[in-house]
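If you want the building blocks of each chain, they are given just below.
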Amino acid sequence: NHPLLISASPTNTNNTLTRTSKRFSLRVSAVSYKKFADSALQETSKRLLLEPSPLQEKYSSMTGLDGKTQLEMLAFKSSRIRLLRSMAIESETMQVFDCAGFMEPQFDTPIFCANFFTSANINIVVLDLNPLHQLTDYQDKYYKNIMSIYQKYAEIFPWGGKLTGESIKFFSPLVMWTRFSSSQEKHEALFSAFLEYYQAWLEMTVQATEEMDPSQVRDNCEAQHKYLTWRAQKDPGHGLLRKLVGEAKAKEVLRDFLFNGVNELGTKTFIDYFPEYQTEDGTVSDKRSIVGKSFETRPWDSKGQFIG
Ligand code: BLA
C-alpha cells in the first residue's frame, strides 16, 4: 500500500483495509495487475512530483453488475503529465489492466499505453508508447534509439497476428502486440516489459522540452484529441466494459475517465476525424473496423522502419 494511493482518496478511510483484504484473496488467482500500477507510480514519484488527479475523487472503485467483479481506478497528474491513470478489473475468471499516460499539449512525447486482458485461456496484450505524430523525424526522435527494448522481448512475445487495421497507425515501431496462454514465466516477463516500457516513457517525459510555437502546441493537442476520440469510440474493451457495468456507466467511464480529454481538448467529432465511418443517415457506424483485420506479421523491421 503506497502512500500515494491513500492520499489520493482522503475520503475513503477504509482504503487500506479493502486493498489488503483484496490482495489476500488474490493469492488464489494466478495473475494480478495491481502491482503493475503500484510499481509505475513508485517509479514516477522518484522522478516527478505527482498529485492526485481531480478524477480520483469521482473514480476510485466500482463493483460490476454481477456484484463480484471489482474495478479499481487510479488517477494522477504532474506539471507536465495531464493524466496518468489506470484501471484494473478483477473477477474470478478474468483480469484486465488498462494504464495510460497523457502529456500536456505543450509536449509532443508519446502516449504511454498498456492494455492487458487475461482470461482462463488467453492473454491479449498491447504495450506501447503510442506516437502523437507519424513523421519520420518524430520516429527518429523518440523510437530509433530505444528499439533494443522491443528486441529484448521479441522472442518471448511474438506478433499477435491480424488486428483491426485502423489500430496500426496508433502504434509505434516499439509496440508489443501479442497473445499467449498464461504461464508464470510469461507473466514475469510481462511485468518486466511493462516496467521497461514505462521507464522509457518516464525518461522521455522528464527530458521533454516544452513547445513554445502555438501552432505546434495546437498540432499536439489535435493529435491527442484524435487519439482519444478513436479510443473512446472504438476501443476493443468497450463490449466487455458494457457487460460489466452497463451501457450508461461504461460510456461515462470511457469518456470521462479512461479517455478523459475527449470532451475538452478539441471540438472535432469522430466523423470529422474518421469520415469513412459515416453511415447513410449520418451516424457513426457500429462496425469496429472499416478496413477489416490486417497485418498478419509485424509491419516494422527490427530497426523500426515501416514495411507495411
Ligand atoms: C482485444 N485489444 C484487443 C485487440 C487489440 C486491443 C488490438 C485485438 C482485436 C483487434 O484487432 O481489435 C488493443 N487496440 C488495442 C489498443 C489500441 C487499439 C490498446 O487500437 C490503442 C490504440 N482490452 C482492454 C480493456 C478491456 C479489453 C480495458 O484494454 C476490457 C475492459 C478487452 N481486448 C479486450 C477483449 C479483446 C481485446 C475482450 C478480445 C475481443 C475482441 O477482439 O474483440
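My aim in this report is to walk through the structure given alongside it, one point at a time. In this text the structure is predicted, and so the values were computed from the model without any measurement. (Residues numbered from 1 in each chain as written. Predicted model: local features only at pLDDT ≥ 70, side-chain atom pairs only at ≥ 80, totals over all residues. Heavy atoms only, no water.)

**Some points on the site of the ligand**
Piece 1. Surrounding the ligand, one finds 21 residues, the nearest of these being Asn115, Thr164, Ser167, Arg288 and Lys293.
Piece 2. A distance of 2.4 Å separates an oxygen atom of the ligand from a polar side-chain atom of Asn115.
Piece 3. Computed on the free molecule, the ligand has an accessible area of 840 Å², of which 88% lies beneath the protein chains in the complex.
Piece 4. Among the secondary structure elements, those contributing two or more residues to the shell around the ligand are β5 (94–103), β6 (111–119), β7 (123–130), β8 (163–164) and α8 (214–234).
Piece 5. Per-element accounting of the shell around the ligand gives the leading share, 3 residues, to β6.
Piece 6. Split into classes, the residues belonging to the shell around the ligand amount to 13 nonpolar, 4 polar and 4 charged. (Near = heavy atom within 4 Å. Polar contact = N/O pair within 3.5 Å; in protein donor to acceptor, adjacent residues only side chain to side chain. Areas by Shrake-Rupley, 256 points an atom, 1.4 Å probe, with all protein chains shown as cover. Helix = DSSP H or I, 4+ residues; strand = E, 2+ residues; numbered from the N terminus. Nonpolar A, V, L, I, M, F, W, Y, C, P; charged D, E, K, R; others polar.)

**So, the layout of surface pockets**
Piece 1. Taken as a whole, the largest pocket holds about 780 Å³ of empty space.
Piece 2. For the largest pocket, the lining is made up of 34 residues, of which Asn115, Ile124, Asp235, Pro236 and Gly237 are closest to its centre.
Piece 3. Taken together, the residues of the lining of the largest pocket break down into 20 nonpolar, 6 polar and 8 charged. (1 Å grid on protein atoms, 1.4 Å probe; cavity = no way out; pocket = protein on both sides within 12 Å on 5 of 7 lines; lining within 4 Å. Points joined across faces, edges and corners; volume = space filled by probe spheres on them.)

**A few points about the packing of aromatic side chains**
Piece 1. Following the criterion strictly, the structure yields 30 aromatic pairs and no others.
Piece 2. Arranged with centres 5.9 Å apart and planes meeting at 65°, the rings of Phe36 and Phe97 form a pair that is edge-to-face. Linking Phe36 in helix α3 (residues 34–47) with Phe97 in strand β5, this pair joins segments that are 61 residues apart in sequence. Like Phe97, Phe36 is buried.
Piece 3. Ring centres of Phe170 and Trp230 lie 5.5 Å apart, and the angle between their planes is 20°; on these two criteria the pair is classed as stacked. With a gap of 60 residues between them, Phe170 in the loop between β8 and β9 (176–180) and Trp230 in helix α8 connect regions that are remote in the sequence. (Phe/Tyr/Trp six-rings, centres within 6.5 Å; stacked < 30°, edge-to-face > 60°. Buried < 20%, exposed > 50% of the residue type's maximum accessible area, 1.4 Å probe, protein only.)

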